[in-house]
Each structure stands twice: as structure tokens, then as C-alpha cells.
Amino acid sequence: IIANNNSIMETISSRLTKIFKFILNKLYNYTRTMKNNTGINFNWIIDSHNNIIKDLNMLSKNKKVHNINTYDFTTLYTSIVHEDIKVAIKYVLNIAFHNNDNLKIITKGKDIKWSYSKNNLKNSFIYTYNKDLIITMTNYLLDNSYFTFNGKIYKQNTGVPMGSGTSSHMANIF
């Protein structure tokens, strides 16, 4: 397990987990509003098999389903190419940040919010993240994930860092 509590990556991982959870929640709320307005579900995260069965049955009756792909977490987590994760995260961050360089995410303890402040807040309990910093943190986590097996050190070149709270959010973004 790469990013467990004793890992040097734990701080980056826990901060990214908080940020990705916040962003995915905002995007989920937006896609729910879009579904209510258009009838089309733009959300790519499935939280219940019941909803997907209902949607497939509806689409099947209308003969709108041409192809379907499914991914199991046991293969998805370990098979995503790092460059593909990076591209997907940049894409989602561009949407979430509205391509606005002044928009930032501010965290203080368990609180997290958007801010349009042009200044980075400097306080030992407040952390400010712009889109580029989140991308840098993500790249660092992906590019520097190592683990040991049978006394040998290996670099993880593919897949999300297992054991990291960020892993499920990265897979959902992908």
C-alpha cells in the first residue's frame, strides 16, 4: 500500500482527497441540476446499480443504447495509465475552476470553500490551492509512488496509488 498513514505521501494524498471530494461533490450537484433540466444524466459516477438498471431499461426501450462499457475497481484502479489520469484531472479541474486563474480552493481544518481572492492566504491553519498547484500535487503523487515487495523497491508506473484516499476520486474522475 503506497499512501498509507506512515507514508511520506500521506499529507499530499489527504489534501488531494479533500480537494477532489469537494470538486466531485460540486460537479455532481451541477450534473444533477442538468439532469433535472434536460432529462440527460451527465454524471459518470454510479452510486447505485438500481439507477443504472432503470436508465438502461429506459434507453433500451427507446433503442438509444449502442454500446456499454463497465469497469471493475480491481482492474480499473491498477490499469489506468498515469498520463491518462493526469489529462482527465486537468480536464475536470478546468471545468471546476471555470478556467479562472483567480479562483482558488481554501481549506481550514475540515472547512473547504471557493475563493476569488487574488492573494494566497498565509496562515498555519489555512491552505490555498489554485488549479496549477492541485495539478502539481497530483503529478507528484502519481510520479513518486513506490512500494516494497520481497525486500525490493518498485515504482508504480500504472494505476492509482493503492491505499490512498485519493485513489477512488482519481478513478471517478477518470
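Structure first, text after, so check above.
Residues numbered from 1 in each chain as written. Predicted model: local features only at pLDDT ≥ 70, side-chain atom pairs only at ≥ 80, totals over all residues. Heavy atoms only, no water.

## Quick word on the overall build of the chain
The secondary structure content of the chain amounts to six helices and five strands. Helices (α) and strands (β) of the chain occur, in sequence order from the N terminus, as α-α-α-α-β-β-β-α-β-β-α. When contacts within the chain are restricted to residue pairs at least 6 apart in sequence, long-range pairs at least 24 apart make up 61% of them. By element, 53% of the accessible surface of the chain is carried by carbon and sulfur atoms, the whole surface being about 11,700 Å². (Helix = DSSP H or I, 4+ residues; strand = E, 2+ residues; numbered from the N terminus. Contact = heavy atoms within 4.5 Å. Areas by Shrake-Rupley, 256 points an atom, 1.4 Å probe, with all protein chains shown as cover.)

## Description of a nonpolar patch on the surface
On the surface, a cluster of nonpolar side chains totalling about 290 Å² of accessible area is made up of F147, F149 and Y154. The residue F149 is located in strand β4 (residues 146-149) in this model. Looking at F149, the relative accessible area reads 51%, which means it is exposed. (Patch = residues over 30% accessible without salt bridge, like charges linked within 9 Å, V, L, I, M, F, W, Y side chains within 5 Å. Salt bridge = Lys/Arg side-chain N within 4 Å of Asp/Glu carboxyl O. Buried < 20%, exposed > 50% of the residue type's maximum accessible area, 1.4 Å probe, protein only.)

## A word on the pairing of strand β1 (residues 104-108)
Burial runs high along β1: four of the five residues are buried. Note that β1 and strand β2 (residues 111-115) share five bridges and pair antiparallel. Opposite K104, over in β2, you have S115 as the bridge partner. Once β1 ends, the chain turns through two residues before running back antiparallel as β2, passing G109 with a positive phi of about 60 degrees. Relative to strand β3 (residues 126-129), β1 runs antiparallel, the two sharing four bridges. Counterpart to K108 in the pairing with β3 is I126. (Pairing = 2+ DSSP bridges.)

## A closer look at the environment of S168
Tracing the sequence through the fold places S168 in helix α6 (residues 166-173). The spatial distance from the C-alpha of S168 to the C-alpha of T17 is 8.9 Å, given a sequence separation of 151 residues.

## Observations concerning the sheet that holds β1
Pairing is antiparallel in the open sheet, where three strands are placed in the order β2-β1-β3. Two strands bound the open sheet, and with one partner strand each, they are β2 and β3. Taken pair by pair, the neighbouring strands of this sheet meet at an average axis angle of 20 degrees, ignoring direction. Seen against the sheet, helix α1 (residues 10-38) touches β1, β2 and β3 and runs at an angle of roughly 60 degrees to β2. Along the sheet, helix α5 (residues 131-143) contacts β1 and β3; its crossing angle with β3, the most-contacted strand, is approximately 95 degrees. (Axes fitted to C-alpha atoms, helices over the stretch in contact; angles between N-to-C directions.)

## Re the side chain of H82
Relative to the elements of secondary structure, H82 occurs in helix α4 (residues 82-96). Only 3.4 Å separates the side chain of H82 from the backbone oxygen of N157, close enough to count as a polar contact. Side-chain polar atoms of H82 contact the backbone oxygen of G159, separated by 2.8 Å. Setting aside residues no more than four positions away along its own chain, H82 makes contact with L142, Q156, N157, T158 and G159. (Polar contact = N/O pair within 3.5 Å; in protein donor to acceptor, adjacent residues only side chain to side chain.)

## A short note on the pattern of salt bridges
In total, this model carries two salt bridges according to the counting rule given. The closest approach of N and O atoms between K86 and E83, which form a salt bridge, is 3.3 Å. In this pair, K86 and E83 are both assigned in helix α4, three residues apart and thus about one turn of the helix distant. Given the relative accessible area of 9%, K86 is considered buried.

## Points about the packing of aromatic side chains
For the structure shown, the criterion picks out three aromatic pairs. On the basis of an interplanar angle of 50 degrees and a centroid distance of 5.3 Å, the ring pair of F22 and W114 is categorised as tilted. Residue F22 is located in helix α1, and its partner W114 is located in strand β2; the two are separated by 92 residues in the primary sequence. Taking relative accessible area as the criterion, F22 reaches 10% and is therefore assigned buried. (Phe/Tyr/Trp six-rings, centres within 6.5 Å; stacked < 30°, edge-to-face > 60°.)

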